[in-house]
Amino acid sequence: EKDFDQPFPVAMCKTGSGGNTIKRFFDVELARTFNPRVTPRQIPELTCVEAGTVLADLSDNIFDTEGSIYNVLGEMIAPTQTDLDAALAMAGDNVSYLPEKGQFVSTKSGYVALDGLDRMSVHSTLIIQGDLEDAQDLRAPVDLIVEGSVRGSSIHLQSGLSVSGDICESGISCGGDLLVGGEVRACRLAGLEVIGDLRCGRIISSRVLCKGLLSCGEIRSSEVVGERGISTQADASIIASNAQSAVRIEAGHAGEADDESETGLEITISPFLKALMMQLTRELVHAKQNGRQEDIQEISSRISTCESELDKELNDFLKRESEQLRGVRIRGNVYPVLRVRVLKHEYKISKFQSGLSIDEKR
């Protein structure tokens, strides 16, 4: 466990039966007033504890204990079940009590709160009420819920993001899952980078990189990657877009009768890392042109990490055993021009047809 290394005064109080004393290592007043519903400006001012942080110690005060703390054999008397129950009752959400150490420890990263019964909890989710607009470089180490839409914003999260409305003209980096109640629109410049799964409505004129499973409605005029699979709704289409996956691409329709733009569907090895490396390479060029040394070092480091991960994934692919075949399946209408590539094999569909299924050749 990690001690909470902050310049807060240690708060001590008696609790439970006997002479038990609790020593807290966080700001008690802030914990009592903490509210997970925040504004974007408040987030940088909050102090987050990591998982495994020791929040408080519970110890016996021998001077306050009534009677002897030793039995007739000279052995120290173990805490009673009443003492243990009282201690356990003080551990709220995402907090565990370790009886053998007499410590309260956070089980998730988040923000410490105390309720009216002095029960300690750690909030691992922050909530923003309403729309989030024009927020620049908003960062948080926990899950974030936006009860509205996100517009013109730049967000970097270590965990997941849930947006009840749309995401428009924004750049988002998300270390967990991304759930969008509406659509993703005009997010091409900065784009979306999602380490977990992504579920949303339509994706329009956007660039989306998803390392997990991408589930959505229509995909139009976009570049999307769903490393673990891309799946649209049964009646939805992929139109004038490029979609890549390492496993499967399944859609209701491909292309559109009145849109002659080419649509590309590709099954390839490690599309997420390859797309991310291309993006980082462009950012590195811009950083060098502008002489931003700190950005150059950070981007170069990320590129090196991606290269190492890509080498590993390529080796894993070559050593893989029998598994589900990779491929593309279109359940409904297929309009030209559609290009399909499954690993080394490429196909061009130049005429309308109903349904399409192309699997990996071994």
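It should be emphasised that the depicted structure is a prediction, and the values quoted were computed from it without experimental measurement.

Chemist: With reference to specific residues and values, describe the confidence of the model for the protein chain.
Modeler: Per-residue confidence for the protein chain averages 88 on the pLDDT scale, and 87% of its residues sit at or above 70. The model gives residues 2-10 a pLDDT under 50, and that stretch makes 21 contacts with residues more than four places away or in other chains. Segment residues 61-72: pLDDT under 50, and 14 contacts once partners within four positions in sequence are set aside and those in other chains are kept.

Chemist: Describe the packing of helix H3 (residues 271-290) against helix H4 (residues 293-318), listing the residues and the values that go with them.
Modeler: Where H3 meets H4, the axes come as close as 9 Å, and the angle between the chain directions of the two elements is 160°. Of the possible angle classes, the one that applies to H3 and H4 is roughly antiparallel. Classified by chirality, the crossing of H4 by H3 is left-handed. Here Leu 273, Lys 274, Leu 276, Met 277, Leu 280, Thr 281, Glu 283, Leu 284, Ala 287 and Lys 288 of H3 lie close against H4, whose contacting residues are Asp 295, Ile 296, Ile 299, Ser 300, Arg 302, Ile 303, Cys 306, Glu 307, Glu 309, Leu 310 and Glu 313. Here the contact of H3 with H4 is built from residues that sort into 11 nonpolar, 2 polar and 8 charged.

Chemist: Residue-level account of the nonpolar core, with values.
Modeler: Note that soluble globular proteins tend to have their nonpolar side chains buried in a common cluster. Counting 54 residues, the largest nonpolar core has Leu 144, Leu 161, Leu 178 and Leu 214 as its most contacted members. Setting aside its immediate chain neighbours within four residues, Leu 161 contacts Leu 144, Val 146, Ile 172, Cys 174, Asp 177, Leu 178 and Leu 179. Formed by 18 residues, the second largest nonpolar core is a distinct cluster that contains Ile 22, Val 28, Phe 104 and Leu 114.

Chemist: Could you give an account of H3, naming the residues involved and the relevant values?
Modeler: If you check H3, its first and last C-alpha atoms are 29 Å apart, about what 20 residues at 1.5 Å a residue would give, namely 28 Å. Every buried residue belonging to H3 is among Pro 271, Phe 272, Leu 273, Ala 275, Leu 276, Met 277, Gln 279, Leu 280, Leu 284 and Ala 287, and all of these are buried. Looking at the buried residues of H3, the elements they touch are strand E20 (192-194), strand E23 (207-210), strand E26 (223-226), strand E29 (242-245) and H4. With its phi angle positive at about 65°, Gly 291 sits one or two positions after the end of H3.

Analysis parameters
- Residues numbered from 1 in each chain as written.
- Predicted model: local features only at pLDDT ≥ 70, side-chain atom pairs only at ≥ 80, totals over all residues.
- Heavy atoms only, no water.
- pLDDT = per-residue confidence, 0-100.
- Contact = heavy atoms within 4.5 Å.
- Axes fitted to C-alpha atoms, helices over the stretch in contact; angles between N-to-C directions.
- Helix = DSSP H or I, 4+ residues; strand = E, 2+ residues; numbered from the N terminus.
- Parallel < 35°, antiparallel > 145°, perpendicular 65-115°, else oblique.
- Left-handed = near helix turned anticlockwise from the far one by under 90°.
- Nonpolar A, V, L, I, M, F, W, Y, C, P; charged D, E, K, R; others polar.
- Core = buried A, V, L, I, M, F, W, Y, C linked by side-chain atoms within 4.5 Å.
- Buried < 20%, exposed > 50% of the residue type's maximum accessible area, 1.4 Å probe, protein only.
- Expected span 1.5 Å × (residues − 1).

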